[in-house]
Structures are given as C-alpha cells and as structure tokens.
Amino acid sequence: MKAKTSMIQTCARQRLLPRGGASVTLTAALLLLVACGGGNPDGPGPGRGSQGQRPGGNGPGGGPPQLPTMAVAVEPAALGDIATYYRATASLDPDKRADVLARVSGVIERLVAEEGDRVTEGQVLLYVVDDEYRHRATMARVDLEKQEARLARAQKIFEQGLSSAEDFDAIRTDRASAKANLDLAELELSYTNVRAPFTGYVVRRFVDQGQTVSNGTALYSLADMDRLLARVFIPAKEFRSIRPDQPVQLVVTSTGDRLTGRIDLVNPLVDPESGTIKVTVEVTRYPPTTRPGDFVEVSIVTDAHTDSLLVPRIAVVTERGQRSVYVVEGDAAQQRAVDVGFEDDDHAEILSGLEPGELVVIQGQRALRDGQPVSVLDALELDGQPSAGADQAD
C-alpha cells in the first residue's frame, strides 16, 4: 500500500514539471501512465498469477504437489517357520555303476541287451561262442567218470588188503583232481553267457556282434538308478546341525526340477586338507527329466526358527543400507523400518518393526513414497497363487 502511495505521489510531481522538450515530456508521461496503473484496473496485479494464486506451487496454499494414488498389491504378515541353509553344487550319481567284463576269450555270438534297456540281476546280456568250452566240459566229465570207476575198484582192493594205503590215496587224489577240472570247465562254459550283476540300466555297450574278446574286455556298463546320490562336502563348522535322515532340498540346474532327498551317510572324518566332511544325499523319487550326471543345487538346513513373523521377501526394500517395508494404513502406505532375520527364497523373517496381520505391499513398493495414497488391487497372481492380502484389504 505504501509503494502504491509513493508511485501516485511521483506521478503528481511529474505533472507539475515545467513544459520543457515536448518529446521528453511526452515519453515521460507515457511511462508514468503505465507505472501508475494506467492499464486495466481489473487485470492481475504484481505478484499474482493468472488465477490469483501465489507463486511457488500447485498445491493449496503454495505447498508441495500432492502424490498420485498408486495401485498396489498387499499380503498380511503371518507367523511361520523359516530356516537357514548351506548350499552347494553337486552332481547326481547312480547308486551303483559297473563295467561288465568278459570272463572268457572268444567270439561274440549274439547281443541281447542294448543301451537304455532295463535288465534284472542274472539276465543274459550277450552270448560268446561256446563250442570249445562245451568240449572241454565233456572231456572233464568223461575223465571224472573214469577216475570214479578206478577209485571204486581201488577201494575194494584196499578193503581186501591187497593194496597199500599210499596207492589208494593217490587214486582218490586223482579222482578229486578230475572233479575240480570238471567244475572249472563248467564254470568257464557258464561264462560264455554274460549276465547282469545287478538290476539296472544298460548305459553303454562297448562291443559288437562277431567281435573277438579276451578275458577282461569291457562289454557293457550298467547303472542302478533306482536311487540317485549327491555327494556334498560341508565345512566342519556346519557339522553340528547335520544328521543322518535329515531332509534335503535339491534343484536340478538344467530343468529347474525340485527334488526332496535325505542325508544317507555322514563321513566321520574331517578332510585335513579342505576342512570339510563328505555328506551323501539320497534321492529316491525324481521325474523322468532328471538323469544321472545332472548338476543340482543342494540346500541343507543348518538352523531353523519356528513361529516367526514372516513377509514375502520381495516386500523388503533396501535403501542406503536401511531395510524397510511399506504398510497399508487406511488409504495410504507408510514406510516402516524393520530388522530382518533369516531369509530364504520366498520369505524374510521380521524381528522388529511389524505386527502379525499388518498388510505389507508386495507389488509397487519400489516406486512408493512414505505416506503416498494407494489403491489395493483386488487380486494378484504370484506363481499361480492369488495374493492372500486382497480379501483382507477389502
């Protein structure tokens, strides 16, 4: 008001100036007319916007702009169990695997089993030409029969006292030798039928029909895959929580298949070079897509908490080293600092800062601001399961 009064006084003084140069006086008059408000008296005055608002903001009274309402999904914090794990990578091995070797020399007459076949213990895998071995067995049988007849005659003579004990013992020894020769010949004859040493699968065939093999030649490789084994080397400091029959979780790296196993064997010795203990994990049930040789990530529980307050792991936000969650209170999301304990693939344990049943934001939390208005989604699909917090939010 004082400034306006001063401008009016200035205008009045300028009108009383003597009539000097016409151009100077006219120019000064025009300038004073504009400065004195000679324009539209209803127009916006100094310092006013087009709507008569104060400069500086779009909100009421010049405050900060209001945050927009964001759609979010929520889930209630709930009590549950959570554990920590020791994780390692291992390969799945068959329970038993062995190469089947030839026990006699000869020509392969016929192949019976092929790669991929399931065979039972004692089943014939291939035949070796056995003519020579049959003749040997026949000759050994004839020799045995001759020695048995000779022993029978010698026994009668000995019982009559017509021969010495030494002669009788020599004949009896010859008969035993003939019997051993027959047993060996029949054993070698049986080796011409190559049989499976255990029930399993043929994983490799090394020979072909008509091929000549010798004693010790590898013929087949068999594997018993009724159960698979994963051998893990665990640091000795983790041994306190490892025990036989303890359940173990496994994930096949190539397919993502999740398997459940158990600890079958725990080596009682610590490897002095690595400071680890060998633990053997047994898997008895697995899908057809899982095969021996697959790599798996093995997770063994090292510690567990029960009745802990849990939230989905994705709900926890980390900013500048501070961990927090957004809790829906009324129509707004409030940022809440929390202390986090155990974490697994899906959940995080909340030690403080949250109460059971409170709704935490699990979708949209990365873009939220403290106190921002929110609209809770009716449902959210997470891994094929609807969000548990939608109904509670309603």
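The rules behind each value
- Residues numbered from 1 in each chain as written.
- Predicted model: local features only at pLDDT ≥ 70, side-chain atom pairs only at ≥ 80, totals over all residues.
- Heavy atoms only, no water.
- Pairing = 2+ DSSP bridges.
- Helix = DSSP H or I, 4+ residues; strand = E, 2+ residues; numbered from the N terminus.
- Phe/Tyr/Trp six-rings, centres within 6.5 Å; stacked < 30°, edge-to-face > 60°.
- Buried < 20%, exposed > 50% of the residue type's maximum accessible area, 1.4 Å probe, protein only.
- Lys NZ or Arg CZ within 6 Å of the ring centre and 35° of its normal.
- Expected span 1.5 Å × (residues − 1).
- Contact = heavy atoms within 4.5 Å.
- Core = buried A, V, L, I, M, F, W, Y, C linked by side-chain atoms within 4.5 Å.
- Salt bridge = Lys/Arg side-chain N within 4 Å of Asp/Glu carboxyl O.
- Axes fitted to C-alpha atoms, helices over the stretch in contact; angles between N-to-C directions.
- Parallel < 35°, antiparallel > 145°, perpendicular 65-115°, else oblique.
- Left-handed = near helix turned anticlockwise from the far one by under 90°.
- Nonpolar A, V, L, I, M, F, W, Y, C, P; charged D, E, K, R; others polar.

1. Observations concerning the sheet that holds strand S3 (residues 106-111)
Strands sit in the order S6-S5-S3-S8 across an open sheet of four strands; the sheet is antiparallel. With one partner strand each, in any of the chains shown, strand S6 (193-195) and strand S8 (212-213) form the two edges of the open sheet.

2. Some remarks on the packing of aromatic side chains
Inspection of every chain in the model, using the stated rule, returns one aromatic pair. Their ring planes at 10° and their centres at 5.0 Å tell us that Phe158 and Phe168 sit as a pair that is stacked. Of this pair, Phe158 sits in helix H3 (residues 131-159) while Phe168 sits in helix H4 (residues 165-190), and the two are ten residues apart along the sequence. Of the residues examined, Phe168 reaches a relative accessible area of 9% and is grouped as buried. Sitting over the face of the ring of Phe198, Lys96 holds its NZ or CZ atom 5.6 Å from the ring centroid.

3. Looking at unusual backbone geometry
Of note in this structure, Asp245 is not a glycine but carries a positive phi near 70°. Residues other than glycine seldom take positive phi values, yet Asp307 does so here, at roughly 50°. Following the sequence through the fold, Asp307 ends up in strand S13 (residues 295-312).

4. Some remarks on H3
Here H3 is 29 residues long and its end C-alpha atoms lie 42 Å apart, about the 42 Å a rise of 1.5 Å per residue gives. Within the sequence span of H3, burial applies to Tyr133, Ala137, Ala140, Leu144, Gln147, Leu151 and Ala154. Tucked inside the fold, the buried residues of H3 contact H4. Directly after H3, the chain includes Gly161, whose backbone phi takes a positive value near 75°.

5. Looking at the nonpolar core
One finds Ala230, Val248, Leu250, Val281, Val296, Val298 and Ile300 to be the most contacted residues of the largest nonpolar core, which totals 21 residues. The dominant element in this core, judged by the number of residues it contributes, is strand S9 (residues 218-235), at six residues. In this structure Ile300 touches Thr84, Tyr85, Tyr86, Ile234, Ile242, Gln246, Val248 and Ile263, once residues within four positions along its chain are discounted. Core analysis: the second largest hydrophobic core is formed by 18 residues, Val119, Ala196, Val213 and Leu219 among them.

6. Description of the pairing of strand S18 (residues 347-352)
Inspection of the sheet shows S13 paired to S18 by three bridges, in the antiparallel sense. Across the sheet, Val311 pairs through a bridge with Ala348, a residue of S18. Here strand S17 (residues 339-343) pairs with S18 via three bridges, running antiparallel. Paired with Asp339 across the two strands is Ser352, which belongs to S18. The turn linking S17 back onto S18 is made up of three residues.

7. Concerning the pattern of salt bridges
Counted according to the given criterion, the structure contains 25 salt bridges. The closest approach of N and O atoms between Asp224 and Lys96, which form a salt bridge, is 3.0 Å. Of this pair, Asp224 sits in strand S9 while Lys96 sits in strand S2 (residues 78-101); the two residues are 128 residues apart in sequence, bridging distant segments of the chain. What emerges from the salt-bridge pattern is a single network uniting Asp95, Arg227, Asp245, Arg262, Asp264 and Glu282.

8. Examining the packing of H3 against H4
Where H3 meets H4, the axes come as close as 8 Å, and the angle between the chain directions of the two elements is 160°. Looking at the two axes, H3 sits roughly antiparallel to H4. Relative to H4, the crossing made by H3 is left-handed. Taken together, the residues that form the contact of H3 with H4 break down as 14 nonpolar, three polar and twelve charged.

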